Amino acid sequence: MENKIIRIGIVGYGNLGRGAELAIEKQSDMTLVGIFTRRAPSDVQPVFTNTHVYAYEELSQYQDKIDVLILCGGSASDLPQMSPELVTMYNIVDSFDNHAKIVDHLHHVQEAATKSGKVGVISVGWDPGLFSMNRVLGEIVIPDGGTHTFWGEGLSQGHSEAVRRVTGVKHAVQYTVPIEDVLEKAREGIGADLSAADRHKRVCYVVADEKDYERIEQEIKTMPDYFAPYETTVHFISEAQFLKDHQKMKHGGFVIRSGNTSSENKQAYEFSLALDSNPEFTASVLVAYARAAFKLNQFGETGAKTAFDIPLSFLSPESRENMIKRLL
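Residues numbered from 1 in each chain as written. Predicted model: local features only at pLDDT ≥ 70, side-chain atom pairs only at ≥ 80, totals over all residues. Heavy atoms only, no water.

S.K.: So what about the sheet that holds strand β6 (residues 119–121)? Which residues, and what values?
M.R.: Taken in spatial order, the seven strands make up an open sheet running β3-β2-β1-β4-β5-β6-β14, and their pairing is parallel. At either end of the open sheet lies a strand with only one pairing partner, and these are β3 (53–55) and β14 (303–305). Each strand axis lies, on average, 25° off the axis of its neighbour in the sheet, ignoring direction. (Pairing = 2+ DSSP bridges. Helix = DSSP H or I, 4+ residues; strand = E, 2+ residues; numbered from the N terminus. Axes fitted to C-alpha atoms, helices over the stretch in contact; angles between N-to-C directions.)

S.K.: Please set out unusual backbone geometry residue by residue, giving values where relevant.
M.R.: A cis amide bond links D127 to the next residue, P128, at an omega of 5°. Turning to its location among the elements, P128 is positioned in the loop between β6 and α4 (130–141). Residue E153 is reached from G152 by a cis peptide bond, and omega for that bond is 5°. For E153, the position within the fold is in the loop between β7 (145–151) and β8 (154–155). Although it is not a glycine, S123 sits at a positive phi angle of roughly 55°. With respect to the helices, strands and loops of the structure, S123 is situated in the loop between β6 and α4. We note that D225 has phi near 75°; this positive angle belongs to a residue other than glycine. For D225, the location among the structural elements is in the loop between α8 (213–221) and β11 (231–236).

S.K.: Residue-level account of the sheet that holds strand β9 (residues 169–178), with values.
M.R.: Read from one edge to the other, the open sheet built from four strands follows the order β8-β9-β10-β11, with strand pairing classed as mixed. The two strands at the open ends of the sheet, each matched to only one other strand, are β8 and β11. Here two bridges tie β8 to β9, and the two strands are oriented antiparallel to one another. The residue of β9 that forms the bridge with L155 is Y175. Where helix α5 (residues 157–164) meets the sheet, it contacts β8, β9 and β10 (200–208), and its direction lies at approximately 145° from that of β9. (Contact = heavy atoms within 4.5 Å.)

S.K.: Which residues make up helix α2 (residues 79–86), and what values do they have?
M.R.: Every buried residue belonging to α2 is among L79, M82, S83, P84 and L86, and all of these are buried. Along its buried surface, α2 packs onto β1 (6–11), β4 (68–71), β5 (91–93) and α3 (102–116). (Buried < 20%, exposed > 50% of the residue type's maximum accessible area, 1.4 Å probe, protein only.)

S.K.: Please set out the pattern of salt bridges residue by residue, giving values where relevant.
M.R.: Working definition: two side chains of opposite charge can pair if their charged atoms are close together. One pass over the structure, following the stated rule, counts 21 salt bridges. Put simply, R164 and E161 hold a salt bridge, and the shortest N to O gap is 3.3 Å. Of this pair, R164 and E161 are both found in helix α5, three residues apart, which corresponds to roughly one turn of the helix. We classify R164 as partly exposed; its relative accessible area is 35%. Residue E184 pairs with R187 through a salt bridge whose shortest N-O separation is 2.4 Å. Remark: R187 and E184 occur in helix α6 (residues 180–187); sequence separation between them is three residues, near one turn of the helix. By relative accessible area, which is 36% here, E184 ends up partly exposed. Within this structure, K211, D212, R215 and E219 form a network of salt bridges that share partners. (Salt bridge = Lys/Arg side-chain N within 4 Å of Asp/Glu carboxyl O.)

S.K.: Let's hear about the side chain of T149: which residues, and what values?
M.R.: Its place among the elements puts T149 in strand β7. The class of T149 is buried, set by a relative accessible area of 9%. Engagement of the side chain of T149 in a polar contact is seen with the side chain of R135, the distance being 3.1 Å. Apart from residues lying up to four places away in sequence, T149 is in contact with D127, F131, R135, R199, H200, F254 and V255. (Polar contact = N/O pair within 3.5 Å; in protein donor to acceptor, adjacent residues only side chain to side chain.)

S.K.: I'd love a proper account of the pairing of β4, names of residues and values included.
M.R.: Side chains V68 and I70 of β4 all project onto a buried face; the interleaved residues L69 and L71 project onto the opposite face, where all are buried too. Across four bridges, β1 lies against β4 in parallel orientation. Across the sheet, residue G9 finds its bridge partner in β4, namely L69. Where β4 and β5 come together, three bridges link them in parallel fashion. Each residue of the ladder has a partner; that of L69, found in β5, is I92.

Structure representation (structure tokens):
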């Protein structure tokens, strides 16, 4: 396959779309054709002044100008509709992260991509994505053992929004934090059957009027589906402190596989991430998989793919030989 500059389109321009724009700028073998938005294009201010912005409705006009679309919509309502629709015209990559519905999403994209002759790479990011790959590797290498996944310390957008909906809350963020002694026990092979609530605590930072503190704290801690099963701590802070210390979208976590290779020997496999910006890192993963989607389609592949289906060498701009010389 001859070397070619891969032409990318970004669909959607929130935090993830902005991260994709930043990541594409760092790639020697890619160029950004433009951002496609459902907002008025004039309302979108990209990072780089030479980035073009187009209306979403114009997408059908660019099929001969774009090799891969990176879809930066949400998993709740955008991607279930957008991915099967756009893979009829383009190779696509998405970050669909509703774990319980990934198989359904895969089938929908598979059907559309097979008909169109395109590749749809779904559910890539760090979880699902890199964490998923490491769960598989751990199970393969240590079949007699247990897998433990911890998320955080990291900002949860959904839970932060739930806190902000409490009456009297001016600003709020919520961080998911692994419980340290449970994390250490996981490294010893203990606790694989624990629930997410047993493995994590929730920490909230809230700006509100002092007279409402007690009521707000109680409403947060008893909120069903969000906080009630978890150990939850609420810190009330000033607006100045909030704006100074809680603007980054930090996240990360751990995948730990621990078990036995014999009656005498225990083994532990661990993969971890510590991210200053969840969306920028996720976007960087999407951009790497956009390269893989292009390569796969160039080799005649079609249909829906996941991180489990794609060779690592397809993610890199380097040749296979150079990767082997440098990294193997």
